[in-house]
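# Architecture at a glance
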Amino acid sequence: MIVDVMRGLWWLALPLVAAQHAELGQIRSVYLFPMGNGLDQYLAGHLTNLGLFQVVADPKKADAVFTDRLGEAFEQRLNELYPLAPPAEADQPSDARSSAGPREESTARISSWGRGRGTVFLVNTRTRAVIWSVYERPRDSSPDQVNRAAGRIANHLKRDLRGK
């Protein structure tokens with residue numbers, strides 16, 4: 001019975017998939033952060049050959065970035081490359097405006113994200129949202145296997161871009 005209900009509700013996921021593909025379709029240029037075993041180099045080649053995105057060497061010119069790691073270190077690097085606009089003074093409470101400097105967080109953030117070990121993420125530089133990801137782990141770290149995995153990642157992305 002539960003399976004029948006779930007089969008009948010598949011259409012509820014369509015708006016989420018459509019929204020993901022809409023945002024993915026707005027990306028024109030990408031930068032690739034260094035990835036394990038040189039996956040970024042192979043992926044850049046496949047993305048370029050398939051004409052999916054313009055791969056840029058200057059991260060400041062990218063609409064999105066590919067990475068195989070999420071977490072605090074990644075967020076810090078994004079903030080260095082793509083600083084967020086400071087909130088307007090009117091949006092801050094009056095006691096925050098009167099403080100002499102920026103406040104430091106009292107608790108350290110702990111992330112469950114780390115090295116994906118096969119997962120590649122495409123992150124929008126403006127919104128910081130993960131707009132696409134795929135798990136594609138090479139059989140081993142040999143250049144041929146890493147290149148094959150990069151090709152499968154690019155082909156998966158190509159299929160998802162067509163599905164928009």
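Being a predicted model, the structure only gives us computed values, none of them experimental. (Residues numbered from 1 in each chain as written. Predicted model: local features only at pLDDT ≥ 70, side-chain atom pairs only at ≥ 80, totals over all residues. Heavy atoms only, no water.)

### Topic: the overall build of the protein chain
- If you tally the helices and strands in the protein chain, you get six helices and five strands.
- Beginning at the N terminus, the succession of helices and strands in the protein chain can be written as α-α-β-α-β-β-α-α-β-β-α.
- Across the 164 residues that make up the protein chain, the buried fraction comes to 33%. (Helix = DSSP H or I, 4+ residues; strand = E, 2+ residues; numbered from the N terminus. Buried < 20%, exposed > 50% of the residue type's maximum accessible area, 1.4 Å probe, protein only.)

### Examining helix α3 (residues 39-50)
- Under the 1.5 Å per step criterion, the end-to-end length of α3 is 16 Å for 12 residues, consistent within 8% with the ideal 16 Å.
- Turning to α3, its buried residues number three or more, namely Leu39, Asp40, Leu43, Ala44 and Leu47. Seen along its axis, α3 keeps its buried residues to an arc of 130°; they face one direction. In this structure, α3 carries Gln41 and Asn49 as exposed residues pointing more than 90 degrees from its buried face.
- At its buried positions, α3 is contacted by β1 (29-32), β2 (54-55), β3 (64-67), β4 (119-124) and α6 (143-162). (Expected span 1.5 Å × (residues − 1). Arc of directions from axis to C-beta. Contact = heavy atoms within 4.5 Å.)

### Re the side chain of Asp160
- Residue position: Asp160 is located in helix α6.
- Despite being buried, Asp160 has no salt bridge partner; Arg159 is the closest side chain of opposite charge, sitting 5.9 Å away.
- Among the polar contacts made by the side chain of Asp160, one reaches the side chain of Trp132 at a distance of 2.6 Å. (Lys, Arg positive; Asp, Glu negative; His and termini not counted. Salt bridge = Lys/Arg side-chain N within 4 Å of Asp/Glu carboxyl O. Polar contact = N/O pair within 3.5 Å; in protein donor to acceptor, adjacent residues only side chain to side chain.)

### Observations regarding α6
- Counted at 1.5 Å a residue, the expected span for α6 with its 20 residues is 28 Å, and the 29 Å between its end C-alpha atoms agrees.
- By the burial criterion, the buried members of α6 are Gln145, Val146, Ala149, Ala150, Gly151, Ile153, Ala154, Leu157, Asp160 and Leu161.

### Overview of the pairing of β3
- The alternating pattern of β3 places Ala64 and Phe66 on one face and Val65 and Thr67 on the opposite face, and all of these are buried.
- Here β1 runs beside β3; their pairing, made up of three bridges, is parallel. Looking at the pairing, Leu32 lines up with Phe66 of β3.
- As judged from the four bridges shared by β3 and β4, these two strands associate in the antiparallel manner. Considered in β4, the bridge of Val65 is made with Val123. (Pairing = 2+ DSSP bridges.)

### What to know about the pattern of salt bridges
- Here the structure, examined in full by the defined rule, presents three salt bridges.
- Note that Arg69 and Asp68 form a salt bridge whose closest N and O atoms lie 3.4 Å from each other.
- Note on Arg69: relative accessible area 41%, which makes it partly exposed.
- Exposure remark for Asp68: the relative accessible area of 7% places this residue in the buried category.
- Taking the shortest distance from any N to any O, the salt bridge between Glu80 and Arg77 comes out at 3.1 Å.

### Quick word on the packing of aromatic side chains
- Counting across every chain of the model gives three aromatic pairs.
- Between Tyr31 and Phe33 the ring centres are 5.6 Å apart and the planes differ by 85°, which places this aromatic pair in the edge-to-face class. Like Phe33, Tyr31 is buried.
- Measuring from ring centre to ring centre gives 5.5 Å for Phe33 and Phe74, while their planes differ by 70°; the resulting arrangement is edge-to-face. Here Phe33, found in the loop between β1 and α3, pairs with Phe74, found in helix α4 (residues 72-81); they are 41 residues apart in sequence, far enough to count as distant. Across the pair, Phe74 and Phe33 agree in class, each one buried. (Phe/Tyr/Trp six-rings, centres within 6.5 Å; stacked < 30°, edge-to-face > 60°.)

### Thoughts on the sheet that holds β3
- Taken in spatial order, the five strands make up an open sheet running β2-β1-β3-β4-β5, and their pairing is mixed. Single-partner strands in this sheet number two, and they are β2 and β5 (130-135).
- Sheet analysis places β4 next to β5, joined by five bridges and oriented antiparallel. Directly across from Leu122, in β5, lies its bridge partner Trp132.
- Together, β1, β2, β3 and β4 form the strand contacts of α3, whose direction differs from that of β1 by roughly 160°.
- Here α6 sits on the sheet and contacts β3, β4 and β5; the angle it forms with β5, its principal contact strand, is near 135°. (Axes fitted to C-alpha atoms, helices over the stretch in contact; angles between N-to-C directions.)

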